[in-house]
Amino acid sequence: MGKTILAIGGHIGDMELTAGGVMATNYLEGGKNITLALTAGERGNPPHLSVAEYREQKINEAKAFMNMMNGEALVLKYSDGELPNNEEVRREVAEIIVKYKPDVIVTHWHSKMHKDHNATHYIVQDAQFIAGVVGDSNGKKHYAPVYFCENWEDDNDFDPYISVDISKGFELWKEALHTQWFVMNSKDFKYFDYYTSLAKCRGALAKKDYAECFNIHDYKKKIVKESL
């Protein structure tokens, strides 16, 4: 049976690239997917669109992607490049965690390269705590574990600790990525080629056709066994 996955990114497109294969596979196994973008990522606008126009396009792209994933796309009000790490944002994210009751949360690893990614990394962890310990505005609580996605823009101390087989959903994910303008058209980075090739490489290491990798904090990497 599938799970409810909440994928939280700094921008529309971040989670679609780094956890899209997992979401596609989860959908095919009967699960539910939700993306939450804390900004739209609108400042990567192409020359023919204004920032405001690209924001609207990005929101439509997020919806189109999630329509293919039995999912829902949520986007907060914050501007690309100006995401604050404050109590307001943490509370907003905590409210969403309690509302959707995910089994799993995925988000960014920390990042020296990208301010919004780094802020999201810490916002999500604080929101996880608030949702599980304090609760939402009505006092309802929900806890879900957090896993960190592999993203070329996040720090190179990322440890691909967990490999998830995405072979079942790989083709659907590839098709869904075509909804994202920047993934298919960026002149700065070949997003589609990089992430689909990475899935093939990670799959080979995991002895699967395709895989996506995730990290957890070191203090959680303590596996207890009775014997080898």
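Since the structure is predicted, the reported quantities are computational estimates derived from the model, not experimental observations.

## Brief notes about the pairing of strand S5 (residues 146-149)
Then step 1. Sheet analysis places strand S4 (residues 104-108) next to S5, joined by four bridges and oriented parallel. Residue Val106 lies in a different strand from S5, and its bridge partner there is Tyr147.

## Quick word on the packing of helix H4 (residues 87-100) against helix H5 (residues 115-134)
Then step 1. The contact between H4 and H5 brings their axes to 8 Å, and the two run at 55 degrees. Of the possible angle classes, the one that applies to H4 and H5 is oblique. Here H4 runs over H5; the crossing is right-handed. Seen from H4, the contacting residues are Glu87, Val89, Arg90, Arg91, Val93, Ala94, Ile97 and Val98; seen from H5, they are Ile123, Asp126, Ala127, Gln128, Ile130, Ala131 and Val134.
Then step 2. Tallied by class, residues from the contact of H4 with H5 come to 10 nonpolar, one polar and four charged.

## Looking at the sheet that holds S4
Two strands in a sheet stick together by hydrogen bonds in their backbones, pointing the same way (parallel) or opposite ways (antiparallel).
Then step 1. On the basis of which strands lie adjacent, the open sheet formed by seven strands has the order S3-S2-S1-S4-S5-S7-S6 and mixed pairing. Two strands bound the open sheet, and with one partner strand each, they are strand S3 (71-78) and strand S6 (162-165). Sheet twist, expressed as the average angle between the axes of neighbouring strands with direction ignored, equals 30 degrees.
Then step 2. Relative to the sheet, helix H2 (residues 20-28) contacts strand S1 (4-9), strand S2 (32-39), S6 and strand S7 (211-215), its axis offset from that of S2 by approximately 150 degrees.

About the thresholds
- Along each chain, residues carry numbers from 1 onward, in the same order as the chain's sequence is written.
- Predicted model: local features are reported for residues with pLDDT of at least 70 only, side-chain atom pairs are reported and counted for 80 or more only, and whole-chain, interface and lining totals are derived from all residues.
- By convention in this description, side-chain values take in all heavy atoms of the structure and omit both hydrogens and water.
- Note on pairing: two strands pair once DSSP finds at least 2 bridges between them.
- Under the DSSP-based scheme used, a helix requires at least four consecutive residues in state H or I and a strand at least two consecutive residues in state E, with every element numbered from the N terminus.
- Here, axes are lines fitted to C-alpha atoms. For helices the fit covers the stretch in contact, and angles between N-to-C directions go from 0 to 180 degrees.
- Angles are sorted into four bins: roughly parallel if under 35 degrees, roughly antiparallel if over 145, roughly perpendicular if 65 to 115, and oblique for all others.
- Helix crossings get a hand from a simple test, with the near helix turned counterclockwise from the far one by less than a right angle marking a left-handed crossing and a clockwise turn marking a right-handed one.
- In what follows, residue pairs with any heavy atoms lying within 4.5 Å of each other are defined as contacts.
- Throughout, the ten residues Ala, Val, Leu, Ile, Met, Phe, Trp, Tyr, Cys and Pro are labelled nonpolar, Asp, Glu, Lys and Arg are labelled charged, and all others, Gly among them, are labelled polar.

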